Amino acid sequence: MERTIGKLVLSNRNSKIISTICGFRLTDVNRHNQLRLVKLAEYLEWNRVGLVLASRFLEETRPHMLFMRAAKYRISRDLRPLFPHSISACGDGAAAGGGGGGGAVPLIETEHRISAIGKSSYTIRGLLRTLNDGATTGRVLIDSLIKVVRINPETRTSMPFGDEMLPLREFCDGTDVGRASMAVEQAAKRFTTSFVVLPSHIDFNRHMNQAVYILFCEDTAMFAAANGVYPSLKGAFDTQRVETCTVYYETECQLGDTVRVETWEAAPRHLHFRIVKDDKLLCFIVITLYDDTDGTGTTR
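1. Some details on the packing of aromatic side chains
Applying the stated rule across the entire model yields 3 aromatic pairs. Centre to centre, the rings of Tyr122 and Phe161 are 5.7 Å apart; their planes meet at 45°, and the pair counts as tilted. With Tyr122 in strand 5 (residues 121–130) and Phe161 in the loop between strand 6 (140–151) and helix 3 (166–169), this pair connects stretches of sequence that are 39 residues apart. For Tyr122, a relative accessible area of 3% gives the class buried.

2. Section: the pattern of salt bridges
Inspection of every chain in the model, using the stated rule, returns 8 salt bridges. Measuring nitrogen to oxygen at the nearest pair gives 3.7 Å for the salt bridge that ties Glu262 to Arg190. Residue Glu262 is located in strand 9 (residues 258–267), and its partner Arg190 is located in the loop between helix 3 and strand 7 (191–196); the two are separated by 72 residues in the primary sequence.

3. Focus: the environment of Asp291
Here Asp291 shows up in the segment after strand 11 (280–289). Its relative accessible area of 42% is what places Asp291 among the partly exposed residues.

4. Side note on the side chain of Glu218
Along the chain, Glu218 turns up in helix 4 (residues 210–226). Those residues in contact with Glu218 that sit more than four places away from it in its chain are Arg36, Leu37, Val38 and Phe237.

5. Here's the deal with unusual backbone geometry
Even without being glycine, Arg156 reaches a positive phi, approximately 55°. Here Arg156 is to be found in the loop between strand 6 and helix 3. Within the chain, Arg206 stands out as a residue other than glycine whose phi angle is a positive 65°. Among the secondary structure elements, Arg206 is positioned in the loop between strand 7 and helix 4.

6. Here we look at the state of the cysteines
Think of a disulfide as a covalent bridge from one cysteine sulfur atom to another cysteine sulfur atom. A complete count under the given rule lists 0 disulfides for this structure. Here Cys245 is not cross-linked by a disulfide; its sulfur's nearest cysteine counterpart is in Cys217, at 7.8 Å. Of the cysteine sulfurs around Cys253, a residue in no disulfide, the closest is that of Cys283, at 10.0 Å. Assessed through its relative accessible area of 0%, Cys253 is described here as buried.

7. Regarding the environment of Phe67
Along the chain, the position of Phe67 falls in strand 3 (residues 65–75). C-alpha of Phe67 to C-alpha of Val148: the two residues are 81 residues apart in sequence and 5.4 Å apart in space. Ignoring sequence-local partners within four residues, the contact set of Phe67 consists of Lys147, Val148, Val149, Ile151, Arg156, Asn205, His207 and Glu252.

8. Some remarks on the confidence of the model for the chain
Of all residues in the chain, 67% have pLDDT values of 70 or greater, and the mean over the chain is 74. Segment residues 1–15 is flagged for pLDDT under 50; beyond a separation of four residues in sequence, or across chains, it makes 41 contacts in the model. With pLDDT under 50 throughout, residues 294–300 is counted as low confidence; its partners more than four residues away or in other chains account for 12 contacts.

9. Focus: the nonpolar core
Core analysis: the biggest nonpolar cluster contains 52 residues, and Tyr122, Tyr213, Tyr230, Phe273 and Ile285 have the highest contact counts within it. In terms of residue count, helix 4 provides more of this core than any other element does, 8 residues in total. When near neighbours in sequence (up to four residues on either side) are disregarded, Tyr230 contacts Ala221, Ala224, Ala225, Thr263, Trp264, Glu265, Leu271 and Phe273. Ala70, Tyr248, Trp264 and Val286 belong to the second largest nonpolar core, which has 7 residues in total.

Conventions we followed
Residues numbered from 1 in each chain as written. Predicted model: local features only at pLDDT ≥ 70, side-chain atom pairs only at ≥ 80, totals over all residues. Heavy atoms only, no water. Phe/Tyr/Trp six-rings, centres within 6.5 Å; stacked < 30°, edge-to-face > 60°. Helix = DSSP H or I, 4+ residues; strand = E, 2+ residues; numbered from the N terminus. Buried < 20%, exposed > 50% of the residue type's maximum accessible area, 1.4 Å probe, protein only. Salt bridge = Lys/Arg side-chain N within 4 Å of Asp/Glu carboxyl O. Contact = heavy atoms within 4.5 Å. Disulfide = S-S within 2.5 Å. pLDDT = per-residue confidence, 0-100. Core = buried A, V, L, I, M, F, W, Y, C linked by side-chain atoms within 4.5 Å.

Rendered as structure tokens:
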């Protein structure tokens, strides 16, 4: 996903909104025309842009870092039909390198607003809407919640806000990511893979980027589905439509670390993932899938 226009918008005194305009690229989908989960994770970077701009509202001057604590995405079932249009518009791929053939690729508007504020954290509500998709303009494709914690860069521990957040509280509606049980169910089948954190996985906070956790889960799910670990799935993992993806980050992961990803199906089409290092939980992810079968196991 690439940004083409960025602007700050103050909307009718009821909320402070940051909006950008971007376009999908051919590399955002897999060979089955499904939105790749890692690209969904990279969409968080647009929310990070929103967070940076939001901090300008606060005129914050004290040094700090923002670590992601949790995120939840809800994806429209109608997201996929956008992509065949963009692929056919680009023909044999001549325009793919530039993100699409001019105005042929549907434009997407992202909107961010602060929805909840805690002692040392706040939550950003992000919406991704169609902008030039004909009769469906304004349709919500992805609804996301991203919770970040303010971190002291020296101690790398949480750092409470001061009075600078008070002016923004009146714009919050209290919507937050919430918590879920991270208990390990006694599933009949499990699948485990291991990954090493590479230099390309490290971001400007000097730890593994949040998108890589989802990339590891996506790769693990591909092998797990192929080995029959998820009883309710018919076909490969990359043919499935993701309905929700919820991520809970527990602690950091550094360059050179070896991490283990364990996955199982906790309930029909509810896939759970634990990412651990030396048996210490780093991240817990829950992915739910739409049921796109007609009752006979055939994908519609």
